[in-house]
Structures are given as structure tokens and as C-alpha cells.
Amino acid sequence: MIWRAIRSRVVRLVCTLWLIVSVTFLCAYGLPGDPARMILGQRATSESIAAFRRSAGLDASIATQYARFARRAFRLELGDSLVQRRPVVSLIEERGAQTLTLLLVSTLLLTLFGLVVPVLLRLIDSHATRASYTAIWTMLAVAPPYVLSIVALLAAAVQLSLVPVTFDPRRASAWILPAIVLAAYPIAVTVRLLNEQIDRALQMPYVTAARALGYPERDVLIRFALPNAMTPALAALANGLAFFVTGSFFVEVVFGIGGWGTLAYEAVRNKDIAVLVGVSLVFAAGICSISAVLQVVLLALDPRAHE
Amino acid sequence: MNRKVITIAALAWLAALAIAAFASDALPLADPLDIDLAQALLPPAAGHWMGTDELGRDLLARTLAAAQSTLIVTAAATALNLLLGTLLGIASGFFGGWIDEMVLFIIDLFWSVPFIVFAVLIVSVTGASAASLIVTIGLINWVTAARVVRAETARLRDLEFVRTARAFGFSTSSVLIRDICPNLLPTVAALAAFTAIEVLTLETGLAFLGLSLPAPSPTWGGLLAEGLDYLTTAWWIVMFTALLITATLAALQVLSRGMQSARLLDRS
């Protein structure tokens, strides 16, 4: 059962990666417009365009180009940025650390505020605190990440001077605000789902049985309700990662974090298609792989999947 | 507060925004493109209710002009999403079999790919215009609609009245048009608000990255990006736009929740 599930995940991941490569290829080469002119810019002469088409193999048939593009994409040969005059791969490597740090801090905060704190609030058993905790995150989550990060930056840096306006990656505290902003929406979803699931589990006959056997309420929650409520909540956590991709684009740009989001933003501004294609590929493929791995881990954790 | 009051407030906000946006030419406002450097970066005051930007353009007029284009793109892309999602969902939920498997597979693929990345790529390659935004977002964001409509169609298909109609020998198309479609309407209505939230978020996000209508015409995302450069000196540029975006999304959120619960009540 679990092996079958893992196999289907792997098949899906391969299909997804293939789809990502194909869509990227279609975007870069299949859409109306001349890729050579797009890459070299409007000022390029027709001789240089012809030379570029030959050297880049753009005069070959579309099928040959597609095969070559796919082969190179899987080997991470992403070509050169014509604006920065450097290989795209080295740019992506150089910028990766900041994006990965942001994602890591966000994931930690998501686990803390999405799973740990709600359970602790249950333990002190105050319905009012729990309701206002959920309400605060739900309200924060209404605003999309670009709005939330601008308002957070305006409030914390400009008005209250809590953090410097310019981002300094070496200060550990500088990461907290962008990471919270990025995690706000997934936290709201996870908190809501976890609470729903715990409430539902608490209605179940096995919980009544545990109470009848005289387990204290804390044990009922931790040992009986929580493990059953956890799987969907962890799935929401994994979904949060996919959201982080979208969000980190904007959060990085607003806070001035020099990661992949900013790299893509600069590429959009400079019409640097090679970089944009490279970042899109790495970003999309990376996130899909991480979420596939997480899904397999979740399956392994869920005893129901072993049956 | 009463749920009904909140829903009416949400509807009123959306209606007021739409009217203000489409009647903004008739309102006694400054021209949104009118540059006056002597009036640059003025804080909100009597002449300019929301202040002015770095080129002295009236921000109230610009925000409303931006609302017009944003609402058009959002409405059109949402309609396209719903059309695609509903068609695929009905086909998959009603016919089942290999059609269902194929549609489910496509849904799965679309679900796991972070499509904002591709929206950015596609719009930067095709060039940003209202049409390219509508088509790109419209073709990308149909997955939720397809999922929900598929589940609802499959549920309806097995209900007594549909089975009776089929037993009487009514043709498939007649059952689809007379029995399935009318009963899908509440679902699609609830989906409309939900999809509009996703589309508006995506559209404004793309505009924020500079992928929307070209330079002089204002967009909400563009206003945010502009204001980001003047965050320390002119807070009002981002503040009012942020408020407008958040209020509109919140209103849509209220409608989407309201319709979902109305539907559940209806069923029980």
C-alpha cells in the first residue's frame, strides 16, 4: 500500500518536472516573438541576430530544440545571462542562500505558530484566547503577501524604527519580520484546520472511551486526539511550502532580500529571459521535489497508509 | 455582528468601488495622468484626498483609474476560469471513466506546479496587456473550480431525480442542461467569489512586479511598487492602495464564505 503510494508520487513528480520543462520551453521558444531578438534586445543588428540564431541552434526544427532544451534543463545547463554576462547557474547558486534561509525561517515559524502554539493554547484551555489567536492570523491572511510586507515594513521600520529599513542578512533578527509575513497565510490555514480536526477528534467514540477510562483531559488531547488530527494539519503545512514560493517573490522584493525572488524581479525588469527561465525552472522543480518528499514522509508517518 | 449585515456591507463596498471606478471620468477629479511637479509628494489634504505621487499626480484619481482596469481583468479572467473549470468539471464528474481519470491527472499536475512562476514568465515574454493578462490567468487558475464542480456533478449524477430522468430515456444533453446545470449554479456562484480572490491577488502581484498595463496607466500593484521607493517620505502612496486591495479582498472573502454557508444550509 505505502509503496504503491510512493510509486504514484514519484510518477507524478516526474510528470510534473516534465510539465515544468515543457511549459518553460513553450514560454521561451514557442510563444509568438523571436527569442533571439528577445535575448539580444531591440538594438541588436540583424547580422548579430542571425549569428546568435546559428550559435544557439535556433535555426533547428522545434522538436530538436525541445529535445536539446529538455536535456540541458535536466543537466542544469542554463546558459548565460546576457545582461550580467555570467552563467545563469552561478547566479542562481549565489542567490540561493538567502531564499533558502527565508524559506527555512518561515517553515520554523509556521510550525511554531501553526502547530505548537495552538496545541499549547488548548492545554491552558481558554476558549477566548484560542478564538482571538485564530482571528488574528485569519485577519492577517486576508492581505496578500506584497501588501502585508509593505505595511509591516512601513509600520516596523519607518514608523516605529524597530528594524532597519535596509535589509541586513547577517542580522538574525532581520529575518523574523519577512518570515512572519511570508508565513501568515499558511499559519492561518494550518491553525484553522488543526483546530477543526482536534474538535472533530474530540467528538469521536475513542475519546469518550479514553475519558470514561479516567484519562486526564491533557492526556486525552495529547495521546488520543492530537495524533489523529495531525495528518491533515501536516498536509496543510506541506501545502504552505508551495505558497512560500509565490510569497517569497514579493517578500524578497519588498524587504530587499537578495534571493531568487529578487533575481527574477531584476530579470523581469531587464528583460533577461535566460535568467528568468533558469530561475523559473529551479524554483518550480525545487518546490515540487520538496513537496513530493514531504508527502512521502507524511504517508510514512500515517499508520493508516501501512494497512 | 450579524452575518447578514457583514454580507451586505461587503456587497455595498464592491458595488461602490465598481461604480466609483467606472464613473471616475464623470467625477470631479484630477486627470490621473496629469503631471504637476510643483505638487509632487503632497500628503493627503483637501485638494488631494489621498495625496499626490512623485510626479504630482492625484492619487485618488489614479487609484480609481487603476480599479477600473483591475476590475475588468479580474472579472474577465475569473469568467474564463469558471468556464474552463465548469466544463472540465462537468465532463469529468458526469461521464467518469477515462475522461475523469485524464481530467484528474491534469488537475493534479496543475495543482502541484507553482504557476505564478509561469505567469511571470509568460507575461514577460508575451508583453503585458489586458488581453495577455486575462488569457494567462484565465488558462492557469481554473483548477479549484474544476475540482469543486467535478465533485458536485458526481454527487448530483447519483441523485434520484437525475437517475429518474435518465431512466425515462431523456438524452444525455437534455439531462445535463435541464437537471445538472441549474443545480450547479449555487456552487459556481460560491466559486466565483473564491476564484475572484485568487485572480485579484495574482493580477495585482504581477502588476507589482511590473507585469501589467504599460507605464502611464496606473494599476494597484504598480502603485504599491511606486510607493515602495517613497516608503520613508510618503507613506500615503502605499497606505491607501494597500487598504483598498485588502478591503476588496476581504469583501470577496466574506461573500465567498457567505455563499458557501448558504449552500450548506440549503442542502440540510
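Everything quoted here is computed from the prediction, not taken from an experiment.

Asks: So what exactly am I meant to see when it comes to the overall build of chain A here?
Replies: Scanning chain A from terminus to terminus reveals twelve helices and two strands. N-terminal to C-terminal, the α/β element order of chain A is α-α-α-α-β-β-α-α-α-α-α-α-α-α. Taken along the three principal axes of its C-alpha coordinates, chain A extends 85 × 55 × 30 Å. Burial analysis of chain A (307 residues in total) assigns 38% to the buried set. Taking the contacts inside chain A whose residues are at least 6 apart along the sequence as the reference set, 73% of them involve residues at least 24 apart.

Asks: Explanation requested: the overall build of chain B in the structure shown.
Replies: Along its length, chain B carries ten helices and zero strands. C-alpha extents for chain B along the principal axes are approximately 75 × 45 × 30 Å. Looking at the 268 residues of chain B, the share that counts as buried comes to 45%. The long-range fraction of contacts in chain B, counting pairs at least 24 apart against all pairs at least 6 apart in sequence, stands at 70%.

Asks: Just checking my understanding: could you explain the interface of chain B and chain A for this structure?
Replies: Reports of interface size often rely on the accessible area that becomes lost once the parts have come together. Between chain B and chain A, the contact holds 33 residues from the first and 42 residues from the second. Elements with a minimum of two residues in the side of chain B that touches chain A: helix 3 (97-112), helix 4 (115-126), helix 8 (172-208), helix 9 (220-228) and helix 10 (235-267) of chain B. Residue contributions to the side of chain B that touches chain A peak at nine residues, all from helix 4 of chain B. When the residues that make up the side of chain B that touches chain A are grouped by side-chain class, the tally is 22 nonpolar, ten polar and one charged.

Asks: What exactly am I supposed to notice about the nonpolar core here?
Replies: Nonpolar side chains in soluble globular proteins generally cluster together in the buried interior. Core analysis: the biggest nonpolar cluster contains 158 residues, and Ile 150, Ala 184, Ala 264 and Val 279 of chain A together with Ala 119 and Val 120 of chain B have the highest contact counts within it. In terms of residue count, the dominant contributor to this core is helix 10 (residues 217-255) of chain A (18 residues). Setting aside residues up to four positions removed in sequence, Ala 184 of chain A forms contacts with Trp 137, Leu 140, Ala 141 and Leu 148 of chain A.

Asks: Hey, could you run me through the packing of helix 2 (residues 59-95) of chain B against helix 3 of chain B in this one?
Replies: Residues and elements named next belong to chain B. Two elements in contact, helix 2 and helix 3, have axes separated by 7 Å at closest approach and are oriented at 135°. Taken together, the axes of helix 2 and helix 3 lie oblique to each other. In this structure, helix 2 meets helix 3 at a crossing whose hand is left-handed. Between helix 2 and helix 3, the contacting residues are Leu 88, Ala 91, Ser 92 and Phe 95 on the first element and Gly 97, Ile 99, Asp 100, Val 103 and Leu 104 on the second. Broken down by class, the residue content of the contact of helix 2 with helix 3 amounts to six nonpolar, two polar and one charged.

Asks: Any chance you could explain helix 6 (residues 143-157) of chain B here in plain terms?
Replies: Think of an α-helix as turning once every 3.6 residues; residues three or four places apart then point the same way. Compared with an ideal rise of 1.5 Å per residue, which puts 15 residues at 21 Å, helix 6 of chain B spans 21 Å between its outermost C-alpha atoms and is within 8% of the ideal. Elements in contact with the buried residues of helix 6 of chain B: helix 2, helix 3, helix 7 (160-167) and helix 8 of chain B.

Asks: Just to check I follow, could you spell out helix 5 (residues 130-140) of chain B for this structure?
Replies: Along helix 5 of chain B, the positions that sit buried rather than exposed are Leu 133, Ile 134, Thr 136, Ile 137, Gly 138 and Ile 140 of chain B. The inward-facing, buried residues of helix 5 of chain B abut helix 2, helix 4 and helix 8 of chain B.

Asks: Would you explain the environment of Val 293 of chain A in this entry?
Replies: Mapped onto the elements of the fold, Val 293 of chain A is located in helix 12 (residues 273-301). Separated by 108 residues in the primary sequence, Val 293 of chain A and Tyr 185 of chain A have C-alpha atoms spaced 22 Å apart.

Asks: I keep staring at the packing of helix 3 of chain B against helix 6 of chain B and nothing clicks. Help me out?
Replies: Helix packing for two helices is described by the angle between their axes and how far apart those axes are. Residue and element names in this part refer to chain B. Helix 6 packs onto helix 3 with a crossing angle of 145° between their chain directions and a minimal axis gap of 10 Å. Crossing handedness for the pair helix 3 and helix 6: left-handed. Residue-level inspection shows Val 103, Ile 107, Phe 110 and Trp 111 of helix 3 in contact with helix 6, the latter providing Val 143, Ala 146 and Arg 147. For the contact of helix 3 with helix 6, the class distribution of residues is six nonpolar, no polar and one charged.

Asks: Looking at this structure, I do not really get the confidence of the model for chain B. What am I missing?
Replies: Keep in mind that low pLDDT regions are not for reading the predicted coordinates in detail. Mean pLDDT over chain B: 85, with 95% of residues reaching 70 or higher. At the level of individual helices and strands, chain B shows its lowest average pLDDT in helix 4 of chain B, which scores 79, and its highest in helix 2 of chain B, which scores 92.

Asks: Quick question: what am I supposed to make of the environment of Ile 72 of chain B here?
Replies: Residue and element names in this part refer to chain B. On the secondary structure map, Ile 72 appears in helix 2. Since 15 C-beta atoms lie within 10 Å of it, Ile 72 is described here as partly exposed. Taking the C-alpha atoms as reference points, Ile 72 and Thr 86, separated by 14 residues in sequence, lie 21 Å from one another.

Asks: What is the right way to read the environment of Pro 28 of chain B from this model?
Replies: Relative to the helices and strands, Pro 28 of chain B is located in the loop between helix 1 (3-22) and helix 2. Taking the C-alpha atoms as reference points, Pro 28 of chain B and Leu 156 of chain B, 128 residues apart in sequence, are found 52 Å from one another.

About the criteria used
- Residues numbered from 1 in each chain as written.
- Chains lettered and ligands numbered in written order.
- Predicted model: local features only at pLDDT ≥ 70, side-chain atom pairs only at ≥ 80, totals over all residues.
- Helix = DSSP H or I, 4+ residues; strand = E, 2+ residues; numbered from the N terminus.
- Buried ≥ 20, exposed ≤ 12 C-beta atoms within 10 Å, placed from the backbone.
- Contact = placed C-beta atoms within 7 Å.
- Nonpolar A, V, L, I, M, F, W, Y, C, P; charged D, E, K, R; others polar.
- Core = buried A, V, L, I, M, F, W, Y, C linked by C-beta atoms within 7 Å.
- Axes fitted to C-alpha atoms, helices over the stretch in contact; angles between N-to-C directions.
- Parallel < 35°, antiparallel > 145°, perpendicular 65-115°, else oblique.
- Left-handed = near helix turned anticlockwise from the far one by under 90°.
- Expected span 1.5 Å × (residues − 1).
- pLDDT = per-residue confidence, 0-100.

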